[in-house]
Amino acid sequence: MAVRKVLKYGEKSLREKSKEVHKVSRKITDLVQDLLDTMYAQNGVGLAAPQIGVNLRVFVIDVSSNDEPLRPIVFINPKIIKKSGAIVSEEGCLSFPEAYTKVKRYKNVMVKALDIHGHSFVTEANDGSLLARAIQHENDHLDGILFIDHCMNRFDTESTLEKFNLPPLEADKLLEEPELEQELNDN
């Protein structure tokens, strides 16, 4: 299909809530192929439809490493149905070229979604794995939430954004996450 332009932080549509997919049509399968082509061209781990300007609840992930065959996973209308534990890790995003910051995430997640054929599936990702973090990151995009909204240190994140000439942090978008905070404090 096509490698599409990845929207950069500051584009309004990255903050919009995406619409449900009502039918896995040719339009959706073409969108999925564009997401995969774009993600691989950018050397990414995941990419959500809003990042290419399409506000539909679709994202793709591939956590295979360089020496492994590609293993793309397609998520259409995903819902995180279970989450537990907490982890802090360094995260980046294709919409924030080269900018990384420490964020809070759940360590374990279970997600239900449709695949490229419109079949329902459930998958689990545990132990703070790259897959667990990527699912949460991409799922957030579908609700207009960005990884910086989960930042551990607002000032470090602001200085990173400034360093890469990205718009400043939107203080009103920072998430209150008492469950995650409690989990991190207990560990």
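Conventions adopted
Residues numbered from 1 in each chain as written. Predicted model: local features only at pLDDT ≥ 70, side-chain atom pairs only at ≥ 80, totals over all residues. Heavy atoms only, no water. Helix = DSSP H or I, 4+ residues; strand = E, 2+ residues; numbered from the N terminus. Rg over C-alpha atoms; globule rule 2.2 N^0.38 Å. Buried < 20%, exposed > 50% of the residue type's maximum accessible area, 1.4 Å probe, protein only. Pairing = 2+ DSSP bridges. Expected span 1.5 Å × (residues − 1). Phe/Tyr/Trp six-rings, centres within 6.5 Å; stacked < 30°, edge-to-face > 60°. Core = buried A, V, L, I, M, F, W, Y, C linked by side-chain atoms within 4.5 Å. Contact = heavy atoms within 4.5 Å. Arc of directions from axis to C-beta. Polar contact = N/O pair within 3.5 Å; in protein donor to acceptor, adjacent residues only side chain to side chain.

A. Broad picture of the overall build of the protein. When its secondary structure is counted, the protein shows 4 helices and 7 strands. Here the protein has a C-alpha radius of gyration of 16 Å; the compact-globule value for 187 residues is 16 Å, and the two agree. Along the three orthogonal principal directions, the C-alpha set of the protein runs to about 45 × 35 × 35 Å. In the protein, which comprises 187 residues, the proportion classed as buried is 47%.

B. Representation of the pairing of strand β6 (residues 108-114) within the structure. In terms of burial, β6 is a largely internal element, 5 of the 7 residues being buried. Here strand β3 (residues 73-84) pairs with β6 via 6 bridges, running antiparallel. Bridge assignment links Lys79 to a residue of β6, and that residue is Lys112. Bridge count for β6 against strand β7 (residues 120-125) is 6 bridges, and the pairing is antiparallel. Of the residues in β7, the one forming a bridge with Met110 is Glu124. What sits between β6 and β7 in their antiparallel hairpin is a turn of 5 residues, with Gly118 showing a positive phi close to 80°.

C. Looking closely at helix α2 (residues 130-141). The terminal C-alpha atoms of α2 lie 17 Å apart, and with 12 residues this matches the ideal 16 Å at 1.5 Å per residue to within 8%. Here α2 lies mainly inside the structure; 11 of its 12 residues are buried. Taken together, the buried positions of α2 are Leu131, Ala132, Arg133, Ala134, Ile135, Gln136, His137, Glu138, Asn139, Asp140 and His141.

D. Region of interest: the packing of aromatic side chains. Enumeration according to the criterion identifies 4 aromatic pairs in this entry. When the ring of Phe96 is compared with that of Phe147, the centres are 4.9 Å apart and the planes differ by 85°; the resulting orientation is edge-to-face. With Phe96 in strand β5 (residues 96-105) and Phe147 in the loop between α2 and α3 (154-163), this residue pair connects regions lying 51 residues apart in the sequence. Across this residue pair, the class does not change: Phe96 and Phe147 are buried. Taken together, Tyr9, Phe96 and Phe147 form an aromatic cluster joined through their ring pairs.

E. Region of the structure containing the nonpolar core. Core analysis: the largest hydrophobic core is formed by 18 residues, its most contacted members being Leu31, Val32, Leu35, Leu47, Leu56, Val58 and Val60. Element by element, the count of residues in this core is highest for helix α1 (residues 26-41), at 6 residues. Apart from residues lying up to four places away in sequence, Leu47 is in contact with Val6, Leu35, Thr38, Met39, Ile52, Phe59, Val60, Leu94 and Glu138. Core analysis: the next-biggest nonpolar cluster, separate from the first, contains 16 residues, Ile61, Ala86, Val109 and Ala125 among them.

F. Summary view of α3. Looking only at α3, the buried set comprises Thr157, Thr160 and Leu161. Down the axis of α3, the smallest arc covering the buried residues is 100°, so these residues share one side. Exposed side chains of α3 directed beyond 90 degrees from the buried face belong to Phe155, Glu162 and Lys163. Packing partners of the buried residues in α3 comprise β5. Measuring from the backbone nitrogen of Phe155 back to the side-chain oxygen at the start of α3 gives 2.8 Å, which picks out Asn153 as the cap. Positive backbone phi, at 55°, marks Asn165, one or two positions downstream of α3.

G. Structural context of unusual backbone geometry. Its identity is not glycine, yet Asn43 carries a phi of approximately 60°, on the positive side. Considering the arrangement of structural elements, one finds Asn43 in the loop between α1 and β1 (46-48). Of note in this structure, Asn77 is not a glycine but carries a positive phi near 50°. Its place among the elements puts Asn77 in strand β3. Of the residues examined, Asn77 reaches a relative accessible area of 12% and is grouped as buried.

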